[in-house]
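As a plain string of letters, each chain reads:
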Amino acid sequence: MSRRLSDVAKKVGVSEATVSRVLNGKPGVSQGTRDAVLTALDVLGYERPTKLRGSRGRLVGLVLPELVNPIFPAFAEVIGGALAQQGYTPVLCTRTAGGITEAEYIDLLLQQQVSGVIFAGGFYAEREADHAHYRRLEELGLPVVLINAAIEDLSFPSVACDDLVAMEQALGHVVSLGHERVGLLLGPADHVPSERKLAAARRFAERAGLELDPDLVVHSQYSLESGQAAANRLVERGATAIVCASDPLALGAIRAVRRVGLTCPGDVSVVGFDDSALMNSTDPALTTVRQPIEPMGRAAVDLLAALVDGSDVPRDELLFEPELVVRASTAAARVRAKSVAKR
């Protein structure tokens, strides 16, 4: 019982005495705090007291594209905790190959009469994807918040990391190390965040008087294996630095560098994006651009809670500034032997 009180109190951000008052049905606790405590019990897997089992917390769908990329479990942890503190129970929905689609998850969530939905990555960022289920949510007026850049004609509020600043930080770093043959390893060509990163790179190159070689811009699916295959082309074309659109892509790039007998960062520097879990423990430790996951996730929950309460919220994108984290995968440029190409 003592452990349960401690765990719930920590999750909600209240005292153990407050949790005890809720569990025992005592007065002196606001309804919002009472709902948050009951929701935390559900999230942590504890049984509610018998007399409280009829009270259900409000449900919010949390839709993620995957859990392999550690950035998404990180967002889920922040968002789930913030939802519990505001009296909501998160319902995690994760797409898998051959499994339930995003549109099918929406059907399931609507059947559960959720209060709203938060998407952290999804088809709303892909121009060529089917967006009919988003249109349906718009028509229903269900509170929805998006995390990451989206196509322009969706009306949902969103929070995102500033891709312009992220690319300027990454390119500014490798250029300051003397790299001139800089490759870009981006996500799919119709992916809005990758579009923004490419546009930002072009503006940076123009402003800095550098040439952004079209042959050194490649697109890939967001996986380590796809990143390795795409990075092979950049290595063959003589890139001495590779700026990537995610940490798994960056790890794939490092593997590609090593597979042809080169070293990172001795021959090729690599920069990631996200600063997801354990990137300081890779070999070499990854230089990357850190997304501010905690404030982004909490802002998304605050926006959703305001929508559920019927408040007006700004529909403009809320941008958060990233931070360059310099580790061991980048170093000063040095001349590479031409014999490496197509090895």
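Bear in mind that the values here come from a model prediction, so they are computed numbers and not experimental data. (Residues numbered from 1 in each chain as written. Predicted model: local features only at pLDDT ≥ 70, side-chain atom pairs only at ≥ 80, totals over all residues. Heavy atoms only, no water.)

K.L.:
Account for the sheet that holds strand 6 (residues 182–186), with residues named and values stated.
P.N.:
Taking strand neighbours across the sheet as the criterion, the six strands line up as 7-6-8-9-10-12 in an open arrangement whose pairing is mixed. Because the sheet does not close on itself, it has two edges, and the strands there are strand 7 (217–219) and strand 12 (323–325). Within the sheet, the average angular offset between the axes of one strand and its neighbour, ignoring direction, is 20 degrees. In terms of strand pairing, strand 8 (residues 241–244) meets strand 9 (residues 269–274) through three bridges, oriented parallel. (Pairing = 2+ DSSP bridges. Helix = DSSP H or I, 4+ residues; strand = E, 2+ residues; numbered from the N terminus. Axes fitted to C-alpha atoms, helices over the stretch in contact; angles between N-to-C directions.)

K.L.:
Now, about helix 8 (residues 192–208): what can you tell me, with residues and values included?
P.N.:
With 17 residues, helix 8 extends 24 Å from end C-alpha to end C-alpha; this agrees with the ideal 24 Å at 1.5 Å per step. For helix 8, the elements touching its buried residues are helix 7 (163–176), strand 6, strand 7 and strand 9. Immediately beyond the C-terminal end of helix 8, within one or two residues, lies G209, with a positive phi of roughly 70 degrees. (Expected span 1.5 Å × (residues − 1). Contact = heavy atoms within 4.5 Å.)

K.L.:
Outline the packing of aromatic side chains, supporting the account with residue identities and numerical values.
P.N.:
On inspection of all chains with the given rule, the structure shows three aromatic pairs. With a centroid separation of 5.3 Å and 70 degrees between ring planes, the pair formed by F119 and Y134 is classed as edge-to-face. Of the two residues, F119 is situated in strand 3 (residues 116–120) and Y134 in helix 6 (residues 132–140); the sequence distance between them amounts to 15 residues. Taking 5.9 Å as the distance between ring centres and 80 degrees as the angle between the ring planes, the aromatic pair formed by Y124 and Y134 counts as edge-to-face. Of the two residues, Y124 is situated in the loop between strand 3 and helix 6 and Y134 in helix 6; the sequence distance between them amounts to ten residues. Just as Y124 is buried, Y134 falls in that class too. (Phe/Tyr/Trp six-rings, centres within 6.5 Å; stacked < 30°, edge-to-face > 60°. Buried < 20%, exposed > 50% of the residue type's maximum accessible area, 1.4 Å probe, protein only.)

K.L.:
Could you give an account of the sheet that holds strand 1 (residues 58–64), naming the residues involved and the relevant values?
P.N.:
What links the strands of a sheet is backbone hydrogen bonding, and the strands pair in either a parallel or an antiparallel sense. Overall, parallel pairing links the six strands, which are arranged 2-1-3-4-5-11 in an open sheet. Single-partner strands in this sheet number two, and they are strand 2 (88–94) and strand 11 (318–320). Direction aside, neighbouring strands of the sheet carry axes that sit 20 degrees apart on average. Pairing analysis gives four bridges linking strand 3 to strand 4 (residues 144–147), with the strands arranged parallel. Within strand 4, the residue paired with F119 across the bridge is L146. Strands in contact with helix 4 (residues 71–85) are strand 1, strand 2, strand 3 and strand 4; relative to strand 1, the strand with the most contacts, it is inclined by about 170 degrees. Together, strand 1, strand 2 and strand 3 form the strand contacts of helix 5 (residues 102–111), whose direction differs from that of strand 2 by roughly 150 degrees.

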